[in-house]
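# Overview (structure and organization)
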Amino acid sequence: MPGGRGCHPALEASADPRASIEERYPSRVAYLERVRRAALELVVGRYLLAEDVELSVMIAARMWDWLAGGAPSEQAGPPAIG
């Protein structure tokens, strides 16, 4: 990927010093499992409904795909939710 950052081209051009999502997590599967665990902790704390856990994981998966540059439409912004 250009610049070695491994992120969506729109983000790669920014001066954001944070590591890319791919640099922070070893794989998409590991990232989504971490999201799922965090969502389940929110359910336990009564901050999230149990029925919304998989929705949270789905949104995180779409965001991963966009940030990794794999968005099918190469849209300018993050994927729409819904």
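Worth saying up front: this structure is predicted, and the values here are computed from it rather than measured.

About the cut-offs
Residues numbered from 1 in each chain as written. Predicted model: local features only at pLDDT ≥ 70, side-chain atom pairs only at ≥ 80, totals over all residues. Heavy atoms only, no water. Core = buried A, V, L, I, M, F, W, Y, C linked by side-chain atoms within 4.5 Å. Buried < 20%, exposed > 50% of the residue type's maximum accessible area, 1.4 Å probe, protein only. Helix = DSSP H or I, 4+ residues; strand = E, 2+ residues; numbered from the N terminus. Contact = heavy atoms within 4.5 Å. Salt bridge = Lys/Arg side-chain N within 4 Å of Asp/Glu carboxyl O. Phe/Tyr/Trp six-rings, centres within 6.5 Å; stacked < 30°, edge-to-face > 60°. Expected span 1.5 Å × (residues − 1). Arc of directions from axis to C-beta. Axes fitted to C-alpha atoms, helices over the stretch in contact; angles between N-to-C directions. Left-handed = near helix turned anticlockwise from the far one by under 90°. Nonpolar A, V, L, I, M, F, W, Y, C, P; charged D, E, K, R; others polar.

## Focus: the nonpolar core
- Residues Ile21, Tyr25, Tyr31, Leu32, Val35, Val57, Ala60, Ala61, Trp64, Trp66, Leu67 and Ala68 constitute the largest nonpolar core, which totals 12 residues.
- Elements supplying a minimum of two residues to this core: helix H3 (28–44) and helix H4 (53–67).
- Setting aside residues up to four positions removed in sequence, Tyr25 forms contacts with Tyr31, Arg34 and Trp64.

## Overview of the pattern of salt bridges
- By the definition in use, this model includes 4 salt bridges.
- Of the charged contacts in the structure, one is a salt bridge between Arg28 and Asp65, with a shortest N-O distance of 2.9 Å. Placement of Arg28 in helix H3 and of Asp65 in helix H4 is noted, with a sequence separation of 37 residues between them.
- A relative accessible area of 29% places Asp65 in the partly exposed class.

## Re the packing of aromatic side chains
- Inspection of the entire model under this criterion finds 2 aromatic pairs.
- Taken together, Tyr25, Tyr31 and Trp64 form an aromatic cluster joined through their ring pairs.

## Quick word on H3
- Its 17 residues place the ends of H3 24 Å apart at the C-alpha level, agreeing with the 24 Å of an ideal helix rising 1.5 Å per residue.
- Residues of H3 that are buried include every one of Tyr31, Leu32, Val35 and Ala39, and no others. Along H3, the residues classed as buried sweep out an arc of 95° about the axis, all on the same side. Among the exposed residues of H3, those pointing more than 90 degrees away from its buried face are Val29, Glu41 and Val44.
- Residues of H3 that are buried sit in contact with helix H2 (21–24) and H4.
- Remark: Arg46 follows H3 within two positions and exhibits a positive phi of approximately 65°.

## A word on the packing of H3 against H4
- Direction vectors running N to C along H3 and H4 enclose 145°, while the axes themselves pass 9 Å from each other. Considering only the axes of H3 and H4, their crossing is right-handed. Of H4, the residues touching H3 (which contributes Arg28, Tyr31, Leu32, Val35, Arg36, Ala39, Leu40 and Val43) are Val53, Glu54, Ser56, Val57, Ala60, Ala61, Trp64 and Asp65.
- Residues belonging to the contact of H3 with H4 are distributed by class as follows: 11 nonpolar, 1 polar and 4 charged.

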